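Residues per chain, in single letters:
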Amino acid sequence: MLDPAMNYNPIFHPRVNTLLHGADYNPDQWLHVPEVIDEDFRLMKLAKCSIMNIGIFAWAALEPVEGEFHFEWLDGIMDRLAESGMYACLATPTGARPRWLATRYPETNRVRADRTLELPGTRHNHNYSSPVMREKTQIINTKLAERYAGHPALLIWHISNEYGGEDHSDFSQVAFREWLRERYQGDLEALNRAWWTSFWSRTYQDWDQILSPAPHGERAVHGLVLDWKRFVTHQTVDFMRHEMKPLRRVTPDIPVTTNFMENYPGLDYFRFADVMDVASWDSYPRWHTPAERPGQAPGDGITGQGPGSGNGAAGDGTDEASPSADLRDYERAADVAFVHDLVRSVKAGKPFMLMESTPSMTNWQQVGKRKEPGMHTLSSIQAVAHGADTIEYFQWRKSRGAWEKFHGAVVDHVGHEHTRVFGEVADLGSLLESISEVAGSRVPAQTAVVFDWENRWAIETAQGPRNDGRTAYLETVITHYRQLWKLNIPTDVIDQTMPLDGYKLVLAPMAYMLRPGFAERVEAFVKAGGTFVATYWSGIVNETDLCFLGGFPGPLRGVLGIWSEEIDALPVGETRSCSFEPDNTLGLDGGFTVGELCDRVHTEGAEVVARYRDGMYRDLPALTRHESGAGEAWYLAARHAEHDLAAFYRALASRTGLTPNLDGQLPAGVAVGLRENASYLYYFVQNYTPDDVTVTLPGGRNFTLVDTGESCAGTLHLPVYGVAIVREARG
Ligand code: GLA
C-alpha cells in the first residue's frame with residue numbers, strides 16, 4: 001500500500017492539478033478554411049476540452065519545402081489554445097514525412113525484412129538509422145523547441161507517433177553489428193557460443209557476416225532473432241532520445257511522452273521508461289463484441305468438463321445469481337484493464353495519459369461497431385480508475401478525405417455540436433471536471449503479473465512444443481491477470497527486470513526465458529513472505545535462448561521444489577482431468593480440467609496439492625506448493641480451463657490476504673477500481689452490462705459521490721453501462 005504521508009504529484013507540471021480532456025487536433029488539414037478553425041475553438045469549449053495534441057502529422061505544413069519553415073499557422077493555434085485556457089501536447093512531426101524528404105532522400109525510407117526499399121508514402125515508416133533522417137529531425141525539432149519554449153500553452157511533448165516497425169537497411173545492419181560488438185564485448189566466439197551457431201554450420205567467422213533475420217535468409221538461429229528484436233527496441237529508443245535532444249536542451253522543464261499501441265509485439269515498452277517522463281497509450285477495444293479467448297471457446301480447446309466445476313462457476317467476485325447477464329463487455333474490459341495496468345507500471349505507478357481513444361468507432365476494425373450510449377463514459381472512467389489522468393481522442397474533427405475520413409471524431413462531417421457523440425463527449429468533459437480531485441492519486445497494487453517482452457519473443461520464436469498459435473504467452477498472462485481483475489484486486493504488470501518488493505503475490509505465467517537475476521529475486525521475494533505463482537513452460541532457456549541443462553525449470557527449480565521432466569502438447573479439444581488431494585492447503589475439493597500444455601513433474605520438496613487423474617501423467621503432481629522462508633511458491637503443471645483457474649485464484653487470494661477494492665458481493669458484470677491519495681480512497685464502480693444494476697455498499701462507512709458531493713451510504717443504482725465515482729475519507 002502507498003504511504004498516506006507521501007506527496008502525490010500531478011502528472012505533468014506544477015501548473016496542472018486536474019484531469020485533462022482533449023483530442024488529436026489537425027488544423028493543418030483546414031488552414032484553407034479559417035472559419036472551421038474558429039468553429040473548432042467554440043466547440044472545444046462546449047466539449048470541456050483542456051488539452052489538444054497538435055502537429056502530429058504536420059511536417060509538410062511546417063516545412064513544405066526543404067529549409068523553408070512556416071510556423072505562423074501553428075503560432076496562431078498555440079496562441080488560441082493559451083487564450084482559451086487550454087494546453088498543447090505538441091508533437092514532433094516524424095510520424096509522417098513530407099514528400100520532399102522521402103523523395104529527395106530515399107534512404108529515409110525503410111528497407112523491409114525481405115530487403116525491398118519502401119516507396120515514399122503512408123506514415124510511421126521512416127528509417128530510424130538514416131543519418132539524413134536524423135539530421136532533418138534534429139532541424140525541425142530544434143525549430144519547434146526554440147519557437148515554443150516558454151509558450152504558455154506548451155505543456156508536454158508528444159514524441160513522434162506510435163513508434164513501431166523495423167528497418168533492415170545497411171545503416172541498420174551496421175548499427176546492429178555495433179550494438180552486438182558492445183553486447184558481446186567484441187568477442188565473436190562468445191557470440192557464436194551464445195547463439196549456438198555450430199548448429200547447421202551457422203558459425204560466424206567475421207562480424208560483417210551478421211545480417212538481420214530475413215524470410216529468405218537467416219531465421220533459424222534463435223539467439224540472433226532475439227538479439228535483433230532487442231536491437232530494434234534499442235534503435236527506436238535511441239531515435240527517440242535523438243528526437244529529444246533539442247527539446248531537453250531548449251525546454252528542460254517540459255516533460256515528454258510517446259504513445260504506445262496496446263501490447264504491440266515489436267517493441268519492449270518497458271525499455272522506454274528511462275527515456276520518457278509520462279507513459280501514454282492509444283486504446284481501441286472492440287466493445288459490444290465477444291472477447292477473443294484462444295483455447296477457451298466451447299468445444300474448441302479446454303472446456304472445463306472435469307470434476308472441477310464444484311469450485312464455483314463464475315470464478316470472480318461477482319454475484320453468480322445473474323447467469324443471464326450479458327458479460328461480453330465485462331470480459332473485454334478485463335483485457336483493456338491489463339493494458340492500462342501495464343502502461344501505468346512502465347512508469348512505476350505514476351498516472352498516465354490515455355492519448356487516444358475513439359469517441360464512437362474506428363474505421364479500421366473488421367466491423368466498425370459504435371460504442372453504445374454510456375460506453376464512452378464508462379470506458380473513459382475505466383482508464384481513470386486504472387491511473388489515467390487525461391482522456392483524449394483520435395480525433396477532434398473528421399478529415400474530409402483520405403484514409404481516416406470515416407474514423408470516429410468528436411466533430412462529425414455535419415460540423416455542429418448537435419450529435420449524440422458530441423453530447424456524450426461533452427458530458428464526459430463535465431464529469432471529468434467534477435471529479436478532478438482524483439488527479440495525481442495512485443493505484444495501490446497488491447499484486448504483480450509478470451509480462452516480459454523478451455520472454456514473449458523467445459516463446460514466439462521457439463519451435464515447439466506447439467506451433468499452432470496456442471502456446472499463446474500473451475493470452476495466458478492476460479488470462480491469469482483477468483482472474484485478479486475479476487476479484488477487483490489492484491495489480492501491476494511488470495517485467496522480469498522490475499522490483500518485486502512490496503507485492504503480496506507475484507504471478508509469472510510461462511516464464512520460459514529467465515532474464516539474469518530474476519530467479520534470485522523471486523527466491524528473495526518468497527523468503528521474505530511473498531507468494532509466487534509459476535506455470536508449465538517456465539525456466540527453459542537463458543537470455544540468449546540456450547536451454548538450461550540439468551533439469552527444468554532451471555534456476556526456478558529450487559524455489560518451486562519440483563523437477564519438470566517433460567512437457568506434452570495436446571491436440572485441440574483433448575483434455576486431462578485432475579483432482580485435489582484430500583484436505584489440501586487451498587481447501588478446494590473436486591478437481592479441474594487441463595489441456596494444451598501439460599508437464600510431467602516430480603516433487604523435490606514441494607507439497608502436492610492436486611494430481612492428474614488420467615493419461616500418462618496419472619497420479620503425477622498437477623499443482624504443487626513449496627514453502628521457503630516466510631513465503632510459498634506454486635506451480636501449475638498444466639493449462640487450466642478458465643473457470644478452474646478462477647477457483648484457484650479465488651482460494652489463493654483469500655489465503656494470501658489480498659483485499660478486493662470494495663468489500664461485499666457485486667452484481668455480475670460490475671467492476672470496482674481503486675485510487676488513493678493522502679486524504680481519500682476513490683472507488684470507481686463500473687457497470688459493464690446492458691442492464692441497470694444495484695450495488696450494495698459496505699455498511700457503517702461514509703461514502704460520497706465525488707461529482708455531486710452527495711452522501712451515498714447504502715446502495716448505488718447504476719444504469720446501463722453506468723459508472724459512479726465514490727470517495728471515502730482515509731483512516
Ligand atoms: C492510431 C494513430 C492515429 C489514428 C488512429 C486511428 O492510434 O496514432 O493517428 O490513425 O490510430 O484509430
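Values in this document were obtained by computation on a predicted structure and should not be read as measured data.

Chemist: Pulling in residues and values, what's your account of the overall build of the protein?
Modeler: Summing up its helical and strand segments, the protein has 16 helices and 28 strands in all. In terms of overall size, the protein behaves like a compact globule, its C-alpha atoms giving a radius of gyration of 26 Å where 731 residues would be expected to give roughly 27 Å. Taking the principal axes of the C-alpha coordinates as reference, the protein spans close to 75 × 75 × 50 Å. Counted over contacts in the protein with a minimum sequence separation of 6, partners at least 24 positions apart contribute 75%. Put simply, the protein shows about 26800 Å² of open surface, and 51% of that area lies on carbon and sulfur atoms. If you average the places of the 68 positive and of the 96 negative side-chain charges in the protein, the two averages end up 2 Å apart.

Chemist: With reference to specific residues and values, describe the environment of Val384.
Modeler: If you trace the backbone, Val384 turns up in helix H10 (residues 375–385). Once the C-alpha coordinates of Val384 and Lys350 are considered, the two residues, 34 residues apart in sequence, prove to be 12 Å apart. Excluding anything up to four places from it in sequence, Val384 contacts Leu19, Ile391, Leu432, Val438, Arg675 and Phe684.

Chemist: Give a detailed account of empty space enclosed by the protein, specifying residues and quantitative values.
Modeler: Tallied over the entire structure, the rule returns 4 cavities of 30 Å³ or more. Considered as a void within the structure, the largest cavity measures approximately 140 Å³ in volume. Around the largest cavity, the lining is made up of 17 residues, and of these His386, Trp485, Asn661, Val672 and Gly673 lie nearest the centre. The set of elements that each furnish at least two residues to the lining of the largest cavity consists of helix H9 (328–346), H10 and strand E23 (670–676). Here the lining of the largest cavity takes 4 residues from E23, the largest share from any one element. One number sums up the size of the second largest cavity: a volume of about 50 Å³. Tyr25, Asn26, Gln29, Trp30, Asp40, Trp396, Arg397 and Ser399 are the residues that line the second largest cavity.

Chemist: Tell me about the site of the ligand, and name the residues and values.
Modeler: Residues in contact with the ligand, as listed here, are Phe57, Arg123, Asn161, Glu162, Asp282, Tyr284, Glu356, Trp364, Phe394, Glu404 and His407. In this structure, an oxygen atom belonging to the ligand sits 2.8 Å away from a side-chain N or O atom of Arg123. Interatomic distance of 2.7 Å between a side-chain N/O atom of Glu162 and an oxygen atom of the ligand. Here the ligand has 310 Å² of accessible area as a free molecule, and 96% of this is covered by the chains.

Chemist: So what's going on with the side chain of Lys347? Residues and values would help.
Modeler: Tracing the chain through its elements places Lys347 in the loop between H9 and strand E10 (352–357). When neighbours within four sequence positions are excluded, Lys347 is seen to be in contact with Ala273, Met276, Asp277, Val278 and Ala279.

Chemist: How would you summarise the nonpolar core if you had to cite specific residues and measurements?
Modeler: With 199 residues, the main nonpolar core has Trp396 and Phe532 as its most contacted residues. Counting 18 residues, the second largest nonpolar core, distinct from the first, contains Leu681, Val685, Val695 and Leu705.

Chemist: Talk me through helix H16 (residues 642–656); I want residue IDs and the actual numbers.
Modeler: Helix length check: H16, at 15 residues, gives a terminal C-alpha distance of 20 Å against a target of 21 Å (1.5 Å per residue), a fit within 8%. Gly657, located one to two residues past H16, shows a positive phi value of around 75 degrees.

Chemist: For the side chain of Arg397, give the residues involved together with the corresponding values.
Modeler: Structurally, the position occupied by Arg397 is in the loop between strand E11 (388–393) and helix H11 (420–434). A polar contact of 2.8 Å, which involves the side chain of Arg397, links it to the side chain of Asp40. Sequence-distant contacts of Arg397, defined by excluding residues within four places in its chain, comprise Trp30, Val36, Glu39, Asp40, Leu43, Ala409, Val411 and Gly415.

Chemist: How would you summarise the packing of aromatic side chains if you had to cite specific residues and measurements?
Modeler: One pass over the structure, following the stated rule, counts 33 aromatic pairs. When the ring of Trp287 is compared with that of Tyr688, the centres are 6.2 Å apart and the planes differ by 15 degrees; the resulting orientation is stacked. One end of the pair, Trp287, is in the loop between strand E7 (280–283) and strand E8 (296–297); the other, Tyr688, is in the loop between strand E24 (680–687) and strand E25 (693–696), and 401 residues separate them in sequence. The burial state of Trp287 is the same as that of Tyr688; both residues are buried. Joined through ring pairs, the aromatic side chains of Phe260, Tyr264, Tyr269, Phe270, Phe272, Phe338, Phe451, Trp453, Tyr473 and Tyr481 make up one cluster.

Chemist: Let's hear about the domain arrangement of the protein: which residues, and what values?
Modeler: Segmenting the protein into domains produces domain 1 (20–167 + 230–293 + 333–438), domain 2 (170–229), domain 3 (447–656) and domain 4 (670–729). The gap between the C-alpha centroids of domain 1 and domain 4 is 32 Å. Regarding the contact of domain 1 and domain 4, the summed buried area is about 1600 Å², with carbon and sulfur atoms giving 65% of it. Per-residue buried area on domain 1 facing domain 4 is highest for Leu378, Ala385 and Glu437; these three make up 37% of the total on that side. Connecting domain 1 to domain 4 are 2 salt bridges. With its nearest N and O atoms 2.7 Å apart, the salt bridge here joins Arg675 to Asp389. Contributions of two or more residues to the side of domain 1 that touches domain 4 are made by H10, E11 and H11. Per-element accounting of the side of domain 1 that touches domain 4 gives the leading share, 7 residues, to H10.

Chemist: How would you summarise helix H3 (residues 72–83) if you had to cite specific residues and measurements?
Modeler: One full turn of an α-helix is made of 3.6 residues, so residues set three or four places apart face in the same direction. Spanning 12 residues, H3 covers 16 Å between terminal C-alpha atoms, matching the ideal 16 Å at 1.5 Å per step. Taken as a whole, H3 has its buried residues at Trp73, Leu74, Asp75, Ile77, Met78 and Leu81. Remark: Gly85 follows H3 within two positions and exhibits a positive phi of approximately 75 degrees.

Chemist: Please set out a nonpolar patch on the surface residue by residue, giving values where relevant.
Modeler: A grouping of Trp196, Phe199 and Trp200 is seen on the molecular surface, where their side chains present a nonpolar patch of about 420 Å² in accessible area. Along the chain, Trp200 falls in the loop between helix H7 (188–195) and helix H8 (222–250). Owing to a relative accessible area of 59%, Trp200 belongs among the exposed residues under this scheme.

Chemist: Could you give an account of unusual backbone geometry, naming the residues involved and the relevant values?
Modeler: Of note, the bond from Phe394 into Gln395 is cis; its omega dihedral lies within 30 degrees of zero at 20 degrees. Looking at the secondary structure, you find Gln395 in the loop between E11 and H11. Pro465 follows Gly464 through a cis peptide bond whose omega is 5 degrees. Mapping Pro465 onto the fold places it in the loop between helix H12 (453–461) and helix H13 (473–486). Located in the positive-phi region is His124, a residue other than glycine, with phi close to 50 degrees. Tracing the chain through its elements places His124 in the loop between helix H4 (99–104) and helix H5 (131–148). In this structure, Asn488 is a non-glycine residue whose phi angle is positive, near 60 degrees.

Chemist: So, the confidence of the model for the protein: which residues are in play, and what are the values?
Modeler: The predicted model of the protein averages 94 in pLDDT, with 94% of residues at 70 or higher. Low pLDDT, under 50, characterises residues 1–8; the predicted model gives this stretch 17 contacts beyond four residues in sequence or across chains. Considering only residues more than four positions removed or in separate chains, one finds that residues 304–317, a stretch of pLDDT under 50, has 42 contacts.

Procedures and definitions
Residues numbered from 1 in each chain as written. Predicted model: local features only at pLDDT ≥ 70, side-chain atom pairs only at ≥ 80, totals over all residues. Heavy atoms only, no water. Helix = DSSP H or I, 4+ residues; strand = E, 2+ residues; numbered from the N terminus. Rg over C-alpha atoms; globule rule 2.2 N^0.38 Å. Contact = heavy atoms within 4.5 Å. Areas by Shrake-Rupley, 256 points an atom, 1.4 Å probe, with all protein chains shown as cover. Lys, Arg positive; Asp, Glu negative; His and termini not counted. Charge placed at Lys NZ, Arg CZ, Asp CG, Glu CD. 1 Å grid on protein atoms, 1.4 Å probe; cavity = no way out; pocket = protein on both sides within 12 Å on 5 of 7 lines; lining within 4 Å. Points joined across faces, edges and corners; volume = space filled by probe spheres on them. Near = heavy atom within 4 Å. Polar contact = N/O pair within 3.5 Å; in protein donor to acceptor, adjacent residues only side chain to side chain. Core = buried A, V, L, I, M, F, W, Y, C linked by side-chain atoms within 4.5 Å. Buried < 20%, exposed > 50% of the residue type's maximum accessible area, 1.4 Å probe, protein only. Expected span 1.5 Å × (residues − 1). Phe/Tyr/Trp six-rings, centres within 6.5 Å; stacked < 30°, edge-to-face > 60°. Domains from an automatic or database assignment. Buried area = accessible area lost by both parts, 1.4 Å probe. Salt bridge = Lys/Arg side-chain N within 4 Å of Asp/Glu carboxyl O. Patch = residues over 30% accessible without salt bridge, like charges linked within 9 Å, V, L, I, M, F, W, Y side chains within 5 Å. pLDDT = per-residue confidence, 0-100.

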